Amino acid sequence: MMVDPTLAEMGKNLNEAMKILEDGGKASEPDADRRQFSRSSIPGPLQGDGQDVASILQLVQNLMHDDEEEDKPSHRRMQNVGEQGHMALLGHSLAAYISVLDRERLRKLITRIASDTTLWLCRLFRYESGSAYYHEDDREGLLKVCRLVINTRYEDYSTEGYTVLNSRQPVIYQSATCRPGLGQHLCSQLGLPLSSLCTVPCNTIFGSQHQMDIALLDKLIREDVETGKLPLLLIANAGTPGAGHTDKLGRLKELCEQYGMWLHIEGVNLATLALWEVSSPVTAATRSDSMTLTLGPWLGLPAVPAVTLYRHEDPALSLAAGLTSSQPVEKLRALPLWLSLQYLGHDGIVEKIRHAVELSQQLLEKLKTLASIKTSDELDSEISFVDALTMVEDELNSPVVVFRFSQETSAESSGGSVEGYFAGEREVLDSLNRWLCEQLAQLVPASGVDIVELEDEGTCVRFTPLMTAAALGTQRCDVDLLVERLIELIPVLNCTLRLRLDFREEVYRHSALSYIEDLSWPGLGAVRYEPRIEELNDSKRQLEVEKINSELLVKLGDLDADLIFSTGLEFGPEKDCIFIGMATEDLDVAELVDTIAALGRDIEENGRLLENMTEVVRKGIQEAEFQLQKDNQDKLMEEGVLRQIPLVSSVLNWFSPFQSTVKGRTFNLAAGSLDSTEPTYSMKAQTGGLASPETPTSSAKRLPGQRLFQREGAGGSDSHSETSSVGQAEDLSRERFPQPTPPSPVPDEAVSVVPESPETPQRPPTQENGEVGTQEGEEEEREPEGQEAPVEETGR
């Protein structure tokens, strides 16, 4: 068999390029050096003689992995590009190569590729007698369909243009659950006013809250017809972007036929049309006038175009709307999809879709086995831990599972109560569900769960394997692991939700603490230490608050506790606060708040001591200099002039020793006073002011394995008897856990200031203890005045 050498070389180069790019994080040391060199040379000018293919691929690899550092989260999702992905990438290279063929050979080749791909897709998704339009933007197909409908309903549109629309204004109807911004994009591209867009609300009384209200739609259409408007097109969902619900497509098709409207359908549930067993709501999509398929995420194919299948009899109008093109190169968009479909085959395509649907069914069944989890059709007046929201009709065939953590009303009195919890409970639950989704995505990255915001339910966790499983390689074991992690996180969420109220009440008991109401924070809450400074203005007070809370956050982070302390969300509204993370059942909220208040008070007092130290020392030095000058003058008056002459003073002191009455001075830093040294010489020990009181602490007894802020008895061993446990609980109830305190203030130091008197030597003061303020239980021994201290014999 003859093989085009160019095609063979292209396939070989593609394989080598993929190996280089996929091994980006496994470079050796020389490769790392080369990567660093390449990064530094990126902004430079083009090299005159060019670079080889390997160097260019290395540069691309560096750009792809440039922001990957060791401290980046490891749960980043990377698409698994398999063999089918290589075929899709090869299609883009082949399209560039085929475009240089001669015109006749190019026309035959693209006609074969387009016809084969369209036929396969129509048969695969049960869309008979359809045509296909391939486009990169998944909204472009619907835009072209709107142009086709306008050309069809307004016969003079091709010659008169937009002036013919003045006779009867066209109206496009869409569901309230459609993709955000879709209708506005259509009006902008079509040049229509926003009044031509009509958003139909969903059901409010009967049926699913995510399905279009058909009775209301019928009423809106009749009103538009009566006012002279032209109902043009209806956009329905076979799998809403949020919860994956399917509209009642059969009744919508009947309504469109009644008013001569075009029915366009899109959504993830259209993929189930390829299965042997399809739910009846989705089967009705085969009767629509057009539908958009996104095969790339469904089959795990990178860079393949989306496809819009449509039915229309007039090729000229399709050409005028842009659904077909006379340019052969544009038809080559189907080439990557043509290669990938042949590589997978019919059974491979069906298996991928079936696998994704089975994963969603597996998760839904796992949720149903848990007593605290209810599905949407089983919800009643009972409030559960997690509400699973799925399709109302035939939910087992939906490839989308959405669940949400909800509060537990039957809270035990020991942990607090959430009945009548507080205003803003919806926002708190939304923040907890965002935290839940982030944790699940980090713990089980192959699950592909993400956050979805629903109008009625709020923030939910969404599992859409049809959009992620093929790319991430999700398997059944990943779903089992997801359920296990969910079961582990639910108690943490319940405890945090119950203890938030207790935390707020405990903070209110401390006058130095301010409770910060931040409903978007997923945790116990936020608190701010308010220093007791009234003489400062607002700007200085704000700086002092920021300083104290910053130091307090550092000290709390150094504690041996299971809690997480942080500054909150990056773009949160509250600043200079301490945010406490998620809590467990054994958390002692009272001890936590007491510790925060005690640490804040210590930081404030130490800060005041340091601030006052400079002024105290300055005044003390001035007072000491003044006293020195005064003592020197008094000494001169007592000794006389003769004793100031060097030789005469020595002879005079020999015959008549002189005892000076001038005493030294000692400067007490803690008291800020200048005292006499006479007590020091008389007691032969340095005396000072009372030491500043330490922060009261208590030496608490802890059970084995018990950590800080852990409630008594929660961390004990099961081997303890009931009697001993009760005894330990009674002992622990009388004592608090030790409050971690910063280093104690600077001890009182005495700076002796003695006037110079070389003729009258004096004994230096002795200090028996190395610091002022001995420990409790130690007695300070002092010798009587005028006696020598006893010397201990060593035996030598």
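Residues numbered from 1 in each chain as written. Predicted model: local features only at pLDDT ≥ 70, side-chain atom pairs only at ≥ 80, totals over all residues. Heavy atoms only, no water.

Student: Explain the sheet that holds strand S13 (residues 513-516) here, please?
Tutor: Sheet strands associate in pairs through backbone hydrogen bonding, adopting either a parallel or an antiparallel arrangement. Taken together, 4 strands build an open sheet; the order of strands is S13-S14-S16-S15 and the sheet is antiparallel. Edge positions in the sheet fall to S13 and strand S15 (565-566), since each of these pairs with one other strand and no more. (Pairing = 2+ DSSP bridges. Helix = DSSP H or I, 4+ residues; strand = E, 2+ residues; numbered from the N terminus.)

Student: Explain the pairing of strand S10 (residues 401-405) here, please?
Tutor: The side chains of a regular strand alternate between the sheet's two faces. Of all 5 residues that make up S10, 5 are buried, and the element is covered over most of its length. Burial of the side chains of S10 extends over both faces: Val401, Phe403 and Phe405 are buried on one face and Val402 and Arg404 on the other. Sheet topology note: the S10/strand S12 (residues 458-463) ladder contains 3 bridges and is antiparallel. When the sheet's bridge partners are listed, valine 401 is paired in S12 with phenylalanine 463. (Buried < 20%, exposed > 50% of the residue type's maximum accessible area, 1.4 Å probe, protein only.)

Student: Mind showing me how you'd approach the packing of helix H6 (residues 140-153) against helix H8 (residues 182-190) here?
Tutor: The angle between the axes and the distance between the axes are what describe a pair of packed helices. The N-to-C vectors of H6 and H8 enclose an angle of 55°; their axes lie 10 Å apart at closest approach. Taken together, the axis directions place H6 and H8 in an arrangement best described as oblique. Once H6 is placed against H8, the crossing between them reads as right-handed. Along its contact with H6, which presents Leu142, Leu143, Cys146, Arg147 and Ile150, the element H8 presents Leu182, Leu186, Gln189 and Leu190. Split by residue class, the contact of H6 with H8 holds 7 nonpolar, 1 polar and 1 charged. (Axes fitted to C-alpha atoms, helices over the stretch in contact; angles between N-to-C directions. Parallel < 35°, antiparallel > 145°, perpendicular 65-115°, else oblique. Left-handed = near helix turned anticlockwise from the far one by under 90°. Contact = heavy atoms within 4.5 Å. Nonpolar A, V, L, I, M, F, W, Y, C, P; charged D, E, K, R; others polar.)

Student: Looking at this structure, I do not really get the pattern of salt bridges. What am I missing?
Tutor: Side chains bearing opposite charge may pair, as long as their charged atoms lie close to each other. A full pass over the atoms with the stated rule returns 17 salt bridges. Among the salt bridges present, the one from aspartate 102 reaches arginine 105, with a minimum N-O distance of 3.8 Å. Look at the salt bridges and you will find they share partners, linking Asp138, Arg179 and Glu266 into a network. (Salt bridge = Lys/Arg side-chain N within 4 Å of Asp/Glu carboxyl O.)

Student: What is the right way to read the side chain of serine 196 from this model?
Tutor: With respect to the secondary-structure elements, serine 196 resides in the loop between H8 and strand S3 (197-200). In contact with serine 196, not counting residues within four places along its chain, are Gln169, Pro170, Val171 and Ile172.

Student: Whenever I open this one, the sheet that holds strand S4 (residues 230-237) confuses me. Can you help?
Tutor: An order of S1-S7-S6-S5-S4-S2-S3 is seen for the 7 strands of this open sheet, with the pairing classed as mixed. The open sheet has two free edges, formed respectively by strand S1 (131-135) and S3, since each of these has just one partner strand. Pairwise comparison of adjacent strand axes, ignoring direction, gives a mean angle of 20° for this sheet. Set on the sheet, H6 makes contact with S1, strand S2 (170-175), S4, strand S5 (262-266), strand S6 (290-293) and strand S7 (306-310); between it and S4 the angle comes to about 155°.

Student: Got a minute to help me understand the environment of valine 428 in this structure?
Tutor: With respect to the helices and strands, the residue valine 428 is situated in helix H15 (residues 425-443). Under the relative-accessibility criterion, valine 428 is labelled buried at 0%. C-alpha separation for the pair valine 428 and arginine 500, spaced 72 residues apart in sequence, amounts to 10.0 Å.

Student: Is there a simple way to think about the nonpolar core in this case?
Tutor: General note: in soluble globular proteins, nonpolar side chains tend to be found buried as a group. One finds Phe125 and Trp298 to be the most contacted residues of the largest nonpolar core, which totals 74 residues. Ranked by residues supplied to this core, first place goes to helix H14 (residues 335-369) with 11 residues. When near neighbours in sequence (up to four residues on either side) are disregarded, tryptophan 298 contacts Phe125, Gly267, Val268, Leu270, Ala271, Leu293, Leu466, Met467 and Ala470. (Core = buried A, V, L, I, M, F, W, Y, C linked by side-chain atoms within 4.5 Å.)

Student: Would you explain the packing of H14 against helix H16 (residues 465-472) in this entry?
Tutor: The interhelical angle for the contact between H14 and H16, taken along N-to-C directions, is 115°, at an axis separation of 9 Å. Read as a crossing pair, H14 and H16 show a hand that is right-handed. For the pair H14 and H16, contact is made by Ile353, Ala356, Leu359 and Ser360 and by Pro465, Leu466 and Ala469, respectively. Its residues assigned to classes, the contact of H14 with H16 comprises 6 nonpolar, 1 polar and no charged.

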